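This is what each chain is made of:
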Amino acid sequence: EQKLKLIQRKDSAGSTAFSAALRRDTAIAQCILSEIKEEDRQAKIDVILADEWYLIYAVQDAKDATSAEAAVSYVLDTLLELSQDRNLVQDFIERCDSTKQAVVMHAAQKGYVEVLRKVLSFYDQAGDQERKMKLLDMEDEDGNTLLIQAASYFSLAKVESVLSVVPD
């Protein structure tokens, strides 16, 4: 009970120990989540969902594409495993930061195509192409789309990689 209260505690920015750890090292986040009793699935789900934007920060702060993909994969796979609710996972993916950018836009800015593939796979597995296309066509506060973000930040090869995740 005391340990759970510590794990669920937020700082003034809304971060929890789990979300702060995930931004640095997936293994630390796994350790923190494992401290919650196995039978308390809802508490684990609540901890994963507690920080509004940390999935975005995990991509922004990652030292490289592999770290970003590991963090995103861990969180999304764990959330799906615990909740058995694809809609909940998709809602989590679609959360936007204060600039109206979801995790896919941040992944495009960084050129992290494997993160894009992982995120979009949740829509493919659910057969939800309409919601997937809505996510891919999302605009930030400046009217930029995922493709505009990629084109603004990266080379032809990176833009081609981003385009490769968009269905014809």
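In what follows, the accompanying structure is described. Since the structure is predicted, the reported quantities are computational estimates derived from the model, not experimental observations. (Residues numbered from 1 in each chain as written. Predicted model: local features only at pLDDT ≥ 70, side-chain atom pairs only at ≥ 80, totals over all residues. Heavy atoms only, no water.)

### Some thoughts on the overall build of the protein
Threshold: Here a strand is any run of E in DSSP of at least two residues, a helix any run of H or I of at least four, and the numbering for each starts at the N terminus. Radius of gyration: over C-alpha atoms. The globule rule applied is 2.2 Å multiplied by the number of residues raised to the 0.38 power. Relative accessibility under 20% of the residue-type maximum defines a buried residue, over 50% an exposed one, and the middle range a partly exposed one, all with a 1.4 Å probe and only protein chains included. Two residues qualify as a contact provided that any one of their heavy atoms is within 4.5 Å of a heavy atom in the partner residue. The accessible surface values rely on the Shrake-Rupley method and a 1.4 Å probe; as for residues, cover is taken only from the protein chains in view. Positive charges come from Lys and Arg, negative ones from Asp and Glu, while His and the chain ends are left out of the count. The atoms used to mark charge sites are NZ of Lys, CZ of Arg, CG of Asp and CD of Glu.
Along the backbone of the protein there are twelve helices and zero strands. Across the protein, helices and strands are ordered from the amino to the carboxyl terminus as α-α-α-α-α-α-α-α-α-α-α-α. Taking 15 Å as the expected radius of gyration for a compact globule of 168 residues, we find that the protein reaches 16 Å, a close match to that expectation. Structurally, the protein occupies a C-alpha span of about 50 × 30 × 25 Å along its principal axes. The burial tally for the protein puts 47% of its 168 residues in the buried class. Of all intrachain contacts in the protein linking residues separated by at least 6 positions in sequence, the fraction that spans at least 24 positions is 67%. Of the accessible surface of the protein, which amounts to about 8,700 Å², a share of 48% is contributed by carbon and sulfur atoms. Averaging the locations of the 20 positively and 30 negatively charged side chains of the protein gives two centres separated by 5 Å.

### Structural notes on empty space enclosed by the protein
Selection rule: For cavity detection a 1 Å grid was placed over the protein atoms alone, and a set of points counts as a cavity when a 1.4 Å probe fits there but cannot get out; an open set counts as a pocket when protein lies on both sides within 12 Å along at least five of seven lines, with lining residues being those that have an atom within 4 Å of a point. Grid points are joined across faces, edges and corners, and a volume is the space filled by probe spheres set on the points. In the scheme used here, Gly and all other residues not listed as nonpolar or charged are polar, with Ala, Val, Leu, Ile, Met, Phe, Trp, Tyr, Cys and Pro taken as nonpolar and Asp, Glu, Lys and Arg as charged.
Tallying each qualifying case throughout the model produces one cavity of 30 Å³ or more. Lining the largest cavity are E52, W53, L55, I56, F92, I93, R95 and V103. Breaking the lining of the largest cavity down by element, the ones donating at least two residues are α5 (54–60) and α7 (86–93). Counted by class, the lining of the largest cavity contains six nonpolar, no polar and two charged residues.

### Observations concerning the nonpolar core
Heads up, the condition is: What is meant by a nonpolar core is a set of buried Ala, Val, Leu, Ile, Met, Phe, Trp, Tyr and Cys residues, joined one to another through side-chain atoms within 4.5 Å.
By size, the foremost hydrophobic cluster in this structure holds 53 residues, and its most contacted members are F18, V75, L76, I93, V119 and L135. At nine residues, the largest contribution of residues to this core is made by helix α6 (residues 65–83). When sequence neighbours within four positions are dropped, the list of residues in contact with F18 reads A29, I32, L33, V47, I48, Y54, Y74 and V75.

### Looking at the packing of helix α3 (residues 26–34) against α6
As a reminder of what qualifies: Only the stretch in contact is used when fitting a helix axis, every axis being a line fitted to C-alpha atoms; angles between N-to-C directions are given from 0 to 180 degrees. Roughly parallel here means an angle under 35 degrees, roughly antiparallel means over 145, roughly perpendicular means 65 to 115, and every remaining angle is called oblique.
Between α3 and α6, the least distance of the axes is 9 Å, while the angle of their chain directions is 25°. The orientation of α3 with respect to α6, classified from their angle, is roughly parallel. Mapping the contact onto sequence places T26, A29, Q30 and L33 in α3 and A70, A71, Y74 and T78 in α6. Class assignment for the residues of the contact of α3 with α6 results in five nonpolar, three polar and no charged.

### Description of the pattern of salt bridges
Note the threshold: The rule for a salt bridge is simple: a side-chain nitrogen of Lys or Arg has to be within 4 Å of a carboxyl oxygen of Asp or Glu.
Going through the model one piece at a time under the given rule, you end up with nine salt bridges. The partner of R23 in a salt bridge is D61, and the shortest N-O contact between them spans 2.9 Å. One end of the pair, R23, is in the loop between α2 (17–22) and α3; the other, D61, is in the loop between α5 and α6, with 38 residues separating them in the sequence. Taking the relative accessible area as the measure of exposure, R23 reaches 22% and is therefore partly exposed. One network of salt bridges, with partners in common, ties together D91, E94 and R131.

### Topic: unusual backbone geometry
Residue Q84 is not a glycine yet carries a positive backbone phi of 55°. By the secondary structure assignment, Q84 is in the loop between α6 and α7. If you check the backbone angles, K100 has positive phi at about 65° while not being a glycine. Along the chain, the position of K100 falls in the loop between α7 and α8 (103–110). Looking at K100, the relative accessible area reads 51%, which means it is exposed.

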